[in-house]
Amino acid sequence: MITIGQLARYVGVSVKTIRVYHDKGLLPEPDRDASGYRRYGAKDAIDLIKIRTLAEAGVPLARIRDLGSADDEEFRQALREIDDELTDRIRGLVATQGRLRRLATGRLAPLPTEVGAHLEDLARWGFTPRWVDLQRDLWILVFATHPDRAIALFHDQAESLADPVLRQLFLDYDQAHDLDADDPRIDDLARRITEASQERYGADEPPGVDSASEIPALIQATVNASSPAWRRLDTLIRARLDG
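Residue positions are given per chain, counting from 1 as you read along its sequence in written order. Where local features are concerned, this predicted model is filtered to residues with pLDDT of at least 70; where side-chain atom pairs are given and counted, the filter is 80 or more; whole-chain, interface and lining totals use all residues. Processing note: side-chain calculations cover all non-hydrogen atoms of the structure and skip hydrogens and water entirely.

**Q** How should I be thinking about the environment of Leu7 in this particular structure?
**A** Segments assigned H or I by DSSP are reported as helices when at least four residues long, segments assigned E as strands when at least two residues long, and all are numbered from the N terminus. Positionally, Leu7 belongs in helix H1 (residues 4–11). For each residue, the accessible area found with a 1.4 Å probe, counting protein chains only, is set against the maximum for its type, and the residue is called buried under 20%, exposed over 50%, and partly exposed in between. Taking relative accessible area as the criterion, Leu7 reaches 0% and is therefore assigned buried. Working rule for contacts: check all heavy atoms of both residues, and any pair within 4.5 Å makes them a contact. Beyond its immediate chain neighbours, meaning those up to four positions away, Leu7 contacts Ile2, Ile18, Tyr40, Ala45 and Leu48.

Spelled out as C-alpha cells, the structure:
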C-alpha cells in the first residue's frame with residue numbers, strides 16, 4: 001500500500017489533483033490506516049491512470065465520473081466514442097494548422113484550382129500585379145462568405161475575360177488606376193463598360209450574391225479606396241446603369 005504522495009508521483013499527477021478527483025467522486029477515497037493515513041493499492045493506481053488519460057484527452061470530469069460505474073462493455077463503447085470524437089478534433093486541428101500556415105505565407109484561404117489558373121492567366125494577359133493580387137484577395141473573400149454562389153460568379157467573370165473585347169475593358173479598368181480622377185478617359189471608359197454590360201445582360205441583373213449581403217458593397221469599397229480614378233469610374237457606371 002502507498003501514500004497519496006507516492007501515488008501522485010507514480011501516476012504523474014499532483015496530490016491536489018487526486019484530492020480534486022476525490023471531491024468530485026471520480027476516485028473513491030480509501031479508508032485510513034491505524035496511523036491515520038490513507039493508503040492506496042494497485043486498483044487505485046490503475047483507476048487514477050484511467051482518469052488521468054481520459055482527462056488529458058479532454059473528456060469532461062462529469063463524464064469520467066459516470067464511466068466509473070460502467071461495466072466493461074459500456075466502458076469500451078464509451079472509449080470508442082471518445083476515440084471518434086478525438087479523431088474529429090484532430091482533423092479540425094490539422095485544418096486549423098493548415099489555415100495558420102497559409103496565413104503565415106500570405107495565403108488566407110485555398111481557392112479552387114480553376115481560380116488559381118485564372119489568376120495566372122490575368123498575369124499572362126497583361127494585368128498588373130496589383131490587379132492580380134486584388135482579384136485574389138476579393139475571390140478569397142467571396143468564396144469564404146458565399147461558397148454557394150462563388151463559383152457561379154467566378155465563371156461569369158471568367159467567361160467575360162475569355163472575350164478579347166471585354167478583356168480589353170478590364171485591362172483599361174486596371175490601367176485607369178493611375179489616371180487623374182478628372183481625366184476624360186474615365187468618362188469614356190465608364191460609357192464603354194456600361195454599354196458592354198447592357199449588351200451582355202440586357203434587362204437582367206448580372207449574377208450576384210444574396211441581395212441582403214453587404215459583401216458586394218464591401219468589395220467595391222475596397223476597390224474604390226485604392227484609386228480616386230476607380231472611385232469616380234464606379235460612380236459614373238452606377239449613374240449610367242441606374243439612369
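Having seen the model, we can carry on.
**Q** How do you make sense of the side chain of Asp234 when you look at a structure like this?
**A** Here Asp234 shows up in helix H12 (residues 228–242). Taking relative accessible area as the criterion, Asp234 reaches 11% and is therefore assigned buried. Any N or O atom pair separated by 3.5 Å or less is treated as a polar contact, with the protein-specific requirement of one donor-capable and one acceptor-capable atom, and with residues adjacent in sequence counted only for side-chain atom pairs. At 3.0 Å, the side chain of Asp234 forms a polar contact with the side chain of Asn224. Leaving out residues up to four positions away in the same chain, Asp234 has contacts with Gln220 and Asn224.

**Q** What should I look at first to understand helix H2 (residues 15–23) in this one?
**A** Looking at H2, one finds that the buried residues are Ile18, Tyr21 and His22. Buried positions in H2, seen along its axis, are confined to an arc of 105° and lie on one side of it. When the buried face of H2 is taken as reference, the exposed residues oriented beyond 90 degrees from it are Lys16 and Asp23. The secondary structure elements touched by the buried residues of H2 are H1, helix H3 (42–56) and helix H4 (61–67). This arc describes the spread of directions from the helix axis toward the C-beta atoms.

**Q** Just checking my understanding: could you explain the side chain of Ser160 for this structure?
**A** By secondary structure assignment, the location of Ser160 is in helix H8 (residues 147–162). Leaving out residues up to four positions away in the same chain, Ser160 has contacts with Leu166, Arg167, Phe170, Arg200 and Tyr201.

**Q** Looking at this model, I keep getting lost on the nonpolar core. Mind explaining?
**A** Think of a nonpolar core as a cluster: buried Ala, Val, Leu, Ile, Met, Phe, Trp, Tyr and Cys residues, connected wherever their side-chain atoms sit within 4.5 Å. With 32 residues, the main nonpolar core has Leu122, Phe127, Trp139, Tyr173, Ile193, Trp230 and Leu233 as its most contacted residues. Elements that contribute at least two residues to this core include exactly helix H6 (113–125), helix H7 (129–145), H8, helix H9 (164–175), helix H10 (184–201), helix H11 (215–225) and H12. Per element, the largest residue contribution to this core is 7 residues, and it comes from H7. In this structure, Trp139 is in contact with Leu111, Val115, Ala150, Leu153, Phe154 and Gln157, ignoring residues within four places of it in sequence. Ile2, Ala8, Ile51 and Ile82 belong to the second-largest nonpolar core, a separate cluster that totals 22 residues.

**Q** What's the story with H3 in this structure? I'm lost.
**A** Residue pairs three or four apart in sequence face the same way in an α-helix, which turns once every 3.6 residues. Multiplying one less than the number of residues by 1.5 Å gives the expected span of a helix. In a regular helix each residue adds 1.5 Å, so 15 residues correspond to 21 Å; H3 covers 21 Å between its end C-alpha atoms and thus fits that length. Three or more residues of H3 are buried, namely Asp44, Ala45, Asp47, Leu48, Ile51 and Leu54.

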